[in-house]
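# Chains, contacts and geometry: an overview
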Amino acid sequence: MIVCQTRVLQHLKLRLSLQKQLVIVLIAVAVASHLPFLMSGPFFSDEAIYTYAGYAILRGTVPYAGITLPQPPLGYLLLAGEVGITNASLLLVREINFLIYLVGVIFVFRVLERISGRPITSFAGTLIFILFPPMLSYSFSAPLEFTYFVTLVFAALYFGLSDRRLCLFGSGIFSGLAIMVWYPGLLVLFALLGYLMTSRFVENVPWSKVLKKVGFVLSGLTVVLLGTLGVIALYWKAYPQFLSQSLGLQTSVRAGFSIAEKSYFITAYLQVFSPLVFLGSIGGLLAVLNAAYKRHLEELFLVFWFVIIFTLLVIVPKVLFPHYFWFLTPVLAYLAARPVVELTSALRRRLSIVKLIALLLLPVAVSVLVYSGASNYSTGPFSNSSFTADEQYVGHYVASITTVNQLIWTSEPSIAFYANRLIIPPNSTLWKLQGFFDDVFNTTFTDTAGFQHQGSNLVSPIQFEQSWDTKVRVLIFIRGSGPIPYPDAVLWNGTSAMPGVSGWVASHYSRVALLTFGGNPYAYEVWERS
Amino acid sequence: MRALLPTLILSSVVLSLVLFPLGYVGSYDTVENVPPFSLSNNYSNLGAGENHNLQSGQWQANNASLTLRANNMINPNDWAFLSVISTVDFPMVAGTTLNFSGSFGGLDMNASAVRVSLILTHSSDTITLYYLVGNPSIPPNQGNYRYYFLPIQPVNGAFLAQRDIMRDLSDLGTKADSNWEIRSVAYGFAIYPPSFNVRFPVEVRFDSDNTGLNYSGFNARSNYFGAYSLPYYGLPFLLLLVTTGLQVFEMTLRKPLSSVSSRPRLEEVPT
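Each chain carries its own residue numbering, running from 1 in the written order of its sequence. All chains are assigned letters beginning with A, and all ligands numbers beginning with 1, in the order in which they are written. The predicted nature of this model means local features are confined to residues of pLDDT at least 70 and side-chain atom pairs, given and counted, to a pLDDT of 80 or more, with totals for whole chains, interfaces and linings taken over all residues.

## A short note on unusual backbone geometry
Using the following cut-off: Secondary structure elements follow DSSP: runs of H or I no shorter than four residues count as helices, runs of E no shorter than two count as strands, and numbering proceeds from the N terminus. Any residue with 12 or fewer other C-beta atoms within 10 Å of its own C-beta is exposed, any with 20 or more is buried, and the rest are partly exposed; the C-beta atoms used are placed from the backbone.
That bond from Phe-200 of chain B to Pro-201 of chain B is cis: its omega, 0 degrees, falls within 30 degrees of zero. Tracing the backbone shows Pro-201 of chain B in the loop between β14 (181-191) and β15 (202-207). One non-glycine residue, Asn-457 of chain A, lies in the positive phi region at around 55 degrees. Tracing the sequence through the fold places Asn-457 of chain A in the loop between β3 (452-454) and α19 (461-471). On the basis of neighbour counts, which here come to 14 C-beta atoms within 10 Å, the residue Asn-457 of chain A falls in the partly exposed class. Backbone geometry at Asn-156 of chain B places phi at a positive 50 degrees, although glycine is not the residue there. For Asn-156 of chain B, the location among the structural elements is in the loop between β12 (146-152) and β13 (158-164). Judged by local crowding, Asn-156 of chain B falls into the exposed class, with 6 C-beta atoms found within 10 Å.

Here you go:
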C-alpha cells in the first residue's frame, strides 16, 4: 500500500511537471510565431475605434456620456490602462494585448487538459489554436472580441470546473468580467451553467450540490455586474447612454440581418476555418462515440459547449459577423487535434513527437492554402502595415498644425490616436460618436457583404456642423473607396432628404492639404478653420 | 540543466518581448507640395492619343502651348480625331478644378468640337467625361466606358473653361460624387461627318499656363518603407529555439509521450 501511494505521488509530480513543461513550450511557440506579425496588420476599423476610446477615456472623456461605446465598458477601461502605460504606443499596446493572450493560452491548455484528461491532445489542440494562420494577428489586434474575451472565458471555465467554493466564486467573477467586455459572454455563461446543471444527471450529483455550485458562480457574477453598473450609473452618471449605446444598439436600434446575410457570414467563417471545422467534426464525432461506448463523458462538454454557443450566436444577436466565432477556436482546435492524435496513436503505439508535429503542421499548411484572407491588407511579417504608417503620417501632420488641447474631427480614430488629439463628437446627447461607419445616418447603406440596409438614424450632418461651429480646428475628410466603409462621403454630400456638410465646410474652413500614399486607396483631405 | 531549461525558455521569451519593439524602423519617401498637373510643367508627360482619318495629324507641346494640327481628312464621311493624352494620378476630384483655355482655327463648331476628356475610376467603375467646345454630339469612339458630356460655348474662335469636377459629376447624377479618381486627361478635337464646312488646315491651340488640373492647398504624396532589424528578433528567437528544442528533446527522450497520453487513474496503479 505504501509502495502504491509513493508511485502515485511520483506519477502526479511528474505529470504536474510535464504540464508546466508543455505550457512553457506553448508559450515559446506562441511568442516565436506571433511576434513577427505584431505590426503587419492595419490599425483601423474596430481595433482603432476601441483603442482610441481607451485613449479618450484616459484623457478624461466620460464613457458613454462623452463618447459612444457600443460594448460594455471593461474592455475600453483595460485599453485605457494599456494606452496610459505605453504612452500611446500602438506597438506596445499590441504587445500588452499579446501578453494577455499568452495568459489566455495557459488557461486554454489547462481547461482542455482538465476537461478531457488527455494532455497530449490538449497540447496538440492548443498548438493548433496558436498556429492556425488567422490567429497570428487576432491575438493582439482584436482586443475585445478575442484577446480579453478568450482569456476571461477560459479563466471562468477553468475555475468553474472546480468544486471549491472560492474557485466557483472566481468563475462567476471572470464570467462577469467577460460579459462586461463583450455581451456574448452571456451565452458562454449559459453554456457553463447548463453544463453544471446537466452534471446532475450525467454524474449523478445531488441537486443541492449542483444548486450550490451554480449559486457560487452567480454570486461572483452579481458582484461584477452590480459593481460595473454602479460605476456607470453613480460615478459616470451615464446609465441612459449606456443602455442606448450598448444594449439598445445591439438589440433594437441596429438594422438586423436577414437569414441570407447571416448565412453569408457563417459561410465566410466556415470557409476560413474549414480545415479546423473538417477535422473538428471528425473529432466531435469521436468524442460522442467515446462517450457512447466507453462512458468517457468529459469530452462531450467540449462538443456541447461549441455546438450550443455556435447555435446561440447564430440565433440570438441581431447581427452576425465571422469574428463572433473566433473565441470558439480553442475548443474547435482541440476537436481538430483529436483525430490527428488518434491517427498518430494508431500508427505507432509510442508517440513520435516528430510525427505528431508533422501531422499538426499539416492542417496548418492546409489552412495557409485555404485561408487567403489572413494577408488582407497585411504587409507580411516583420513589417509595419502601410495603412497604419499612412495614418501615422496624417496624424503627425494634423498634430503639426494643432495644439494638444485643440479638437479635431475625423471618422478614422487612428489618425486622432497618432495625432494625440481628441475627436469632437456630433452635437447629440445620446450619440457622441467618435470613430464610426456609414450606417449611422438616415439613409440606406450597403454593408461589406453587399446587402443594403436602412441606416440607424443616430445623427444627421447638421449635428456635426453644430459641434464643429465653434470648437474644432481641423477636419479630416477621407476620400475614396477601400476596406473601411467610412461615413465621409455621405456626410459630405448628404442625400436628397439630408443636406451634406460640403457647403458649410467650404464656407468656414480652408482646404490646406491633400495627403495621398502609394498603394492606399484613400486620400486624406485636411481642412483648417479659416 | 533539466531544472534550468524552463527558466532559460522563459528568459528568452521575456528577452524576445523586450527586444522585439526595438527592431522596428520606418521611413517615408515623401514628396510634399506636389504641383498640380499643368501643361506648362507637365507637357513632357503628354503622349499620342487618337489620330484617326486625318492627313498629317500632328501635335507639339512646350511650356507655352499645346498645338494640334491637321491638313486634311482622308474620308470626309467618317469621323476624325486627334488628341494627346497624359496619365495623371489625382486620387480625388473634391476640390479639383479642370482648367483649359485656347483658340482654334478652321473648325466648324456645328460639325466639330474641341474635346478635353477625363477618365475617372471609382472602385471597379470607370467613366469618361467629355468637355466639348462646339457640337456636343459624342463621336462613336467613346471607348469601353460609360460616358458623359458637358458642353462649353466658344467665344469668337476661343474657349475658356474652369470646371469644378465634383460639381459636374454631381450635376450629371453619377452614383458617387466624391469617390472618383482621375486617371487620365486628354486634349484634342473631333470632326463629325459630313465635314464639308471644315476649312483645312485645322488647328487647335491650348494655352499651357491656363490648362491643367488644379487643387488648392498643400499636397503631399508619400511612400512608406517599413523595415525590421532582424537581429532584434533573430537572437532571442535562436535562444528560444535552442532552449525549447532541448526541452522537447528532454521531454520526449526522458518521458515517452505515450505514457502520459491519458490521465493516470488510481485504479490503473497496481496495489
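Moving on from the model shown.
## Quick word on helix α5 (residues 119-131) of chain A
What counts is decided by this rule: Each residue after the first adds 1.5 Å to the expected span of a helix.
In this model, α5 of chain A (13 residues) spans 18 Å end to end at C-alpha, consistent with the 18 Å of a helix rising 1.5 Å per residue. Counting buried residues in α5 of chain A gives 12 out of 13 residues, a clear majority hidden from the surface.

## Examining the sheet that holds strand β8 (residues 523-529) of chain A
As a reminder of what qualifies: For two strands to be treated as a pair, DSSP must find no fewer than two bridges joining them. Helix axes are fitted to C-alpha atoms over the stretch in contact, other axes to C-alpha atoms as well, and angles between N-to-C directions run from 0 to 180 degrees.
Taken in spatial order, the six strands make up an open sheet running β1(A)-β4(A)-β8(A)-β7(A)-β17(B)-β1(B), and their pairing is mixed. Of all strands in the sheet, those bounded by a partner on one side alone are β1 (407-409) of chain A together with β1 (24-32) of chain B. On average, each strand axis in the sheet is inclined to that of its neighbour by 25 degrees, with strand direction left out of account. Bridge analysis of strand β7 (residues 509-517) of chain A against strand β17 (residues 218-228) of chain B gives five bridges, and the strand direction is parallel. Note on β17 of chain B: the bridge partner recorded for Leu-515 of chain A is Ala-220 of chain B.

## With respect to the packing of helix α3 (residues 74-86) of chain A against helix α4 (residues 90-116) of chain A
All names here are of chain A. The condition is simple: Convention used here: angles under 35 degrees read as roughly parallel, angles over 145 as roughly antiparallel, angles from 65 to 115 as roughly perpendicular, and any remaining angle as oblique. By definition, turning the near helix anticlockwise from the far helix through less than a right angle yields a left-handed crossing, and turning it clockwise yields a right-handed one. Each residue gets a C-beta atom placed from its backbone, and two residues are in contact if those atoms lie within 7 Å. Each residue gets one of three labels, nonpolar for Ala, Val, Leu, Ile, Met, Phe, Trp, Tyr, Cys and Pro, charged for Asp, Glu, Lys and Arg, and polar for the others, Gly among them.
α4 packs onto α3 with a crossing angle of 130 degrees between their chain directions and a minimal axis gap of 9 Å. Relative to α4, α3 is oriented oblique. Along this stretch, α3 crosses α4, giving a crossing that reads as right-handed. Of the residues in α4, those in contact with Glu-82, Val-83, Ile-85 and Thr-86 of α3 are Leu-92, Val-93 and Ile-96. For the contact of α3 with α4, the class distribution of residues is five nonpolar, one polar and one charged.

Just geometry here; none of it tells us what the structure is for.
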